[in-house]
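# Results of the structural survey
Letter by letter, the chains look like this.
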Amino acid sequence: TFINIATNDGDSITALASHGDRVFQFKERILYIYNISEEDEFVESAQPIMGVTHQGAVCSTPDGIAWVNKTGVYYFDGESIRNITEKESGAILNPVHQNGTGWDSYVIKPIIGYDPTSKRLILNGNSFGSASYSTELNWYSFHIPTATWSKFKAGASDDDYLSNIATSTYYKAAVYLQTKTTGN
């Protein structure tokens, strides 16, 4: 089966994800949601400003799909898309960077993952690793059942590059790889 995808819009496909009978095609500036439940697949919706820059900014959960970009953190729960950074969703995330700036400066090359043990989304705004945007202080988690954000510290330091976050079936936890940007 082939799906007729949106093309010739000047934007590259950056990530793909699926949940149930839907395929999410992320581009840098837009998200296309394809419904594949019928014999003829169709574009169910096109969501401007919901695109992502890379695959690590998208993750799957048992109940949906989450992603992060310059405009917020979004969660598709199988029925609808919610911006879980806004007050209307019952949660608010507005990180203040160590240089005093907010969300736009926090989200440099974000990564997001899912921890099945705690039912949390795990978020870091900068997987590049540089002293000016410390990865150590920039970890947040969103507890899906209670719709609450919390901040925590992880083992990454200022000069670490971080991989995409993956869910380990062996450890039943979210894991990532870190490497030094300088030195040994």
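Preceding this section is the structure that the text describes.
Quick look at the structure, then.

### Overview of the pattern of salt bridges
Summed over all chains, the structure comprises three salt bridges. Here Arg-22 ties to Asp-21 by a salt bridge, and the two come within 3.9 Å at their closest N and O atoms. Overall, the relative accessible area of 30% leaves Asp-21 in the partly exposed class. The salt bridge partner of Arg-22 is Glu-44, with a shortest N-O separation of 2.8 Å. Of this pair, Arg-22 sits in strand β2 (residues 22-27) while Glu-44 sits in strand β4 (residues 42-48), and the two are 22 residues apart along the sequence. When its relative accessible area of 16% is taken as the criterion, Arg-22 is described as buried. When salt bridges with common partners are traced through the structure, they connect Asp-21, Arg-22 and Glu-44 into a single cluster.

### Thoughts on the nonpolar core
With 30 residues, the main nonpolar core has Phe-24, Phe-26, Val-58, Trp-67 and Leu-121 as its most contacted residues. Residues within four places of Val-58 in sequence aside, it is in contact with Ala-15, Ala-17, Phe-26, Val-52, Ile-65, Ala-66, Trp-67 and Ile-112.

### Details of the packing of aromatic side chains
A complete count under the given rule lists seven aromatic pairs for this structure. With a centroid separation of 5.3 Å and an interplanar angle of 65°, the aromatic rings of Phe-26 and Trp-67 are classed as edge-to-face. Note that Phe-26 is positioned in strand β2 and Trp-67 in strand β6 (residues 64-69), a separation of 41 residues in sequence. Residue Phe-26 is classed as buried on the basis of its relative accessible area, which comes to 0%. Through a chain of ring-to-ring contacts, three or more aromatic side chains come together here, namely Phe-24, Phe-26, Trp-67, Tyr-74 and Phe-76.

Thresholds, definitions, all that
- Residues numbered from 1 in each chain as written.
- Predicted model: local features only at pLDDT ≥ 70, side-chain atom pairs only at ≥ 80, totals over all residues.
- Heavy atoms only, no water.
- Salt bridge = Lys/Arg side-chain N within 4 Å of Asp/Glu carboxyl O.
- Buried < 20%, exposed > 50% of the residue type's maximum accessible area, 1.4 Å probe, protein only.
- Helix = DSSP H or I, 4+ residues; strand = E, 2+ residues; numbered from the N terminus.
- Core = buried A, V, L, I, M, F, W, Y, C linked by side-chain atoms within 4.5 Å.
- Contact = heavy atoms within 4.5 Å.
- Phe/Tyr/Trp six-rings, centres within 6.5 Å; stacked < 30°, edge-to-face > 60°.

Interpretation in functional terms is not warranted from these geometric data alone.
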